[in-house]
Amino acid sequence: MILNERDCRHEEVLNAGSQMMIAARTAPKGKGVDIIESAIVTGEEIRILSDKMLEIQKENGFKFFLRDADNILNAECIVLIGTREKAQGLNCGHCGYTLCSARPEGVPCAINAIDLGIAIGSACAKAADCRVDNRIMFSAGLAAQRLNWLDSCKMVMAIPLSASSKNPFFDRKPKDEKNKWEF
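Residues numbered from 1 in each chain as written. Predicted model: local features only at pLDDT ≥ 70, side-chain atom pairs only at ≥ 80, totals over all residues. Heavy atoms only, no water.

Enquirer: How do you make sense of the packing of helix α3 (residues 63-71) against helix α5 (residues 138-146) when you look at a structure like this?
Expert: Helix packing geometry: the angle between the two helix axes and the distance between the axes. Here α3 crosses α5 at 85 degrees, and the two axes come no closer than 9 Å. Looking at the two axes, α3 sits roughly perpendicular to α5. The segment α3 lies against α5, with F64, F65 and D68 engaging F138, S139 and L142. Across the contact of α3 with α5, the residue classes break down as four nonpolar, one polar and one charged. (Axes fitted to C-alpha atoms, helices over the stretch in contact; angles between N-to-C directions. Helix = DSSP H or I, 4+ residues; strand = E, 2+ residues; numbered from the N terminus. Parallel < 35°, antiparallel > 145°, perpendicular 65-115°, else oblique. Contact = heavy atoms within 4.5 Å. Nonpolar A, V, L, I, M, F, W, Y, C, P; charged D, E, K, R; others polar.)

Encoded structure:
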């Protein structure tokens, strides 16, 4: 039997995404409290995510949402990693308030954000181990958060994955700028 790389690429990228979710799950957490959630987006849901990013761009005017919405359409899958809100009770002041009880509703616990960052770093390290192209995207994460794809998560980041000859998530041109090398 001869198995061409092109015939198993998609499955292997999904496998890398699954490994990234495990890496996020096992990453260290503040006080050992696990409030991380993750999921993989594939198929038509990538288009739904892209459309939501375009909708958000109309609200906020940020042009990178246009570029990123187009860019994720080149992904084999997208790993979502988010954190649920849970004050850790450390009264550490990192959120800007001396006491956790003084933190107003809607102001995230800094430890939650740090945990999310560590989980993302661990997941991207696994992507690097698998030699899968990726990029952390706030824009796609915000769209997934608005779609409530990670139930009750207050901060979500997205990591599109690809295994092509050129990483489609870097060296990107703004959406309205034409590539001078296109024929």
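Enquirer: How should the packing of helix α2 (residues 44-60) against α5 be read in this particular structure?
Expert: Running from N to C, α2 and α5 cross one another at 100 degrees; their axes reach a closest spacing of 9 Å. Relative to α5, the element α2 is oriented roughly perpendicular. Where α2 abuts α5, its residues L49, K52, M53, I56 and E59 lie against S139, A140, L142, A143, A144 and R146. Of the residues in the contact of α2 with α5, the class split is seven nonpolar, one polar and three charged.

Enquirer: What exactly am I supposed to notice about helix α4 (residues 110-129) here?
Expert: For α4, which comprises 20 residues, the first-to-last C-alpha distance of 29 Å matches the rise-based estimate of 28 Å (1.5 Å per residue) to within 8%. Turning to α4, its buried residues number three or more, namely A110, I111, N112, D115, L116, A119, I120, A123, C124 and A127. Contacts made by the buried residues of α4 are with α1 (5-26), β1 (36-41), β2 (77-84), β3 (133-134) and β4 (153-162). (Expected span 1.5 Å × (residues − 1). Buried < 20%, exposed > 50% of the residue type's maximum accessible area, 1.4 Å probe, protein only.)

Enquirer: Just checking my understanding: could you explain the pattern of salt bridges for this structure?
Expert: Two side chains that carry opposite charge are able to pair once their charged atoms sit near each other. Evaluated as defined, the whole model comprises eight salt bridges. We note a salt bridge from D34 to R25, for which the minimum N-O separation is 2.8 Å. Residue classification places R25 among the partly exposed positions, given a relative accessible area of 32%. A salt bridge links E37 to R84; the nearest nitrogen and oxygen atoms lie 2.4 Å apart. Residue E37 is located in strand β1, and its partner R84 is located in strand β2; the two are separated by 47 residues in the primary sequence. What makes E37 partly exposed here is its relative accessible area of 28%. (Salt bridge = Lys/Arg side-chain N within 4 Å of Asp/Glu carboxyl O.)

Enquirer: Help me out: how do you make sense of empty space enclosed by the protein in this one?
Expert: Counted by the stated rule, this structure contains one cavity of 30 Å³ or more. The space that makes up the largest cavity amounts to roughly 100 Å³. Forming the boundary of the largest cavity are 15 residues, of which N91, C92, C95, C100 and C109 lie nearest the centre. Class assignment for the residues of the lining of the largest cavity results in nine nonpolar, five polar and one charged. (1 Å grid on protein atoms, 1.4 Å probe; cavity = no way out; pocket = protein on both sides within 12 Å on 5 of 7 lines; lining within 4 Å. Points joined across faces, edges and corners; volume = space filled by probe spheres on them.)

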